[in-house]
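Remarks on the overall topology
Here's the letter readout for the chains.
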Amino acid sequence: DFWRVESFIPDQLLRLRAEMKVPGRAWLQFEVKPSATGGAVITQTAIFDPLGLWGLAYWYLLYPLHALIFSGMLRELARVATNRQIALPI
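All of the points below concern the structure found in this document. (Residues numbered from 1 in each chain as written. Predicted model: local features only at pLDDT ≥ 70, side-chain atom pairs only at ≥ 80, totals over all residues. Heavy atoms only, no water.)

1. Concerning the overall build of the protein
Condition: Think of it this way: any DSSP run of H or I at least four residues long counts as a helix, any run of E at least two long counts as a strand, and we number them from the N terminus. Each residue gets one of three labels from its accessible area relative to the maximum for its type: buried under 20%, exposed over 50%, partly exposed in between, using a 1.4 Å probe on protein chains only. Positive charges are assigned to Lys and Arg, negative charges to Asp and Glu, while His and the chain termini are left out of the count. One atom stands in for each charge, and that atom is NZ of Lys, CZ of Arg, CG of Asp or CD of Glu.
In terms of regular secondary structure, the protein is built from 1 helix and 4 strands. Overall size of the protein, expressed as C-alpha extent along the three principal axes, is 45 × 25 × 25 Å. Evaluated residue by residue, the protein yields a buried proportion of 24% over its 90 residues. One way to put it: in the protein the 9 positive side-chain charges average out to a point 2 Å from where the 7 negative ones average out.

2. Some points on the nonpolar core
In plain terms, the rule: Among buried residues, the Ala, Val, Leu, Ile, Met, Phe, Trp, Tyr and Cys ones that are joined through side-chain atoms within 4.5 Å form a nonpolar core. It only takes one pair of heavy atoms within 4.5 Å for two residues to be counted as in contact.
Ala18, Val22, Ala26, Phe48, Tyr58 and Trp59 form the largest nonpolar core, which has 6 residues in total. Ignoring anything within four residues of it in the chain, the contact list for Ala18 reads Phe2, Trp3 and Ala26. Within the second largest apolar cluster, 5 residues are counted, among which are Leu14, Leu16, Phe30 and Phe70.

3. Describing the pattern of salt bridges
How we decide: We define a salt bridge as a contact between a side-chain nitrogen of Lys or Arg and a carboxyl oxygen of Asp or Glu at a distance within 4 Å.
The final tally for this structure, using the stated rule, is 5 salt bridges. For the salt bridge of Glu6 with Arg17, the shortest nitrogen-to-oxygen distance reads 3.2 Å. Residue Glu6 is found in strand 1 (residues 3–9), and its partner Arg17 is found in strand 2 (residues 13–18); the two are separated by 11 residues along the sequence. Its relative accessible area of 39% is what places Glu6 among the partly exposed residues. A relative accessible area of 30% places Arg17 in the partly exposed class. Between Glu76 and Arg79 there is a salt bridge; the shortest N-O distance is 2.6 Å. Within this pair, Glu76 and its partner Arg79 are both found in helix 1 (residues 52–84), separated by 3 residues, close to a single helical turn.

4. Brief notes about unusual backbone geometry
Phi is positive for Asp11, close to 60°, though the residue is something other than glycine. In this structure, Asp11 sits in the loop between strand 1 and strand 2. The class for Asp11 is exposed, based on a relative accessible area of 56%.

Below you can see the structure in the form of structure tokens.
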């Protein structure tokens, strides 16, 4: 997959726009906010703007796969950040 940085606010937001052929427009967004315990909370959001009926079918048919991939991605980001005890550059 190919992604282009659409928006970046250091230590707060990273929004990536999909540049692959899909029936619609897609973004993957990461938001970082301080937690009450002194760490950070990362929120990952997949956004899809479907194009027509095929776009809706694409989104709902692939939703389980995307949920699996994106949740694994977020867990790995958290694991790397925790193990290395560094701030991720997002």
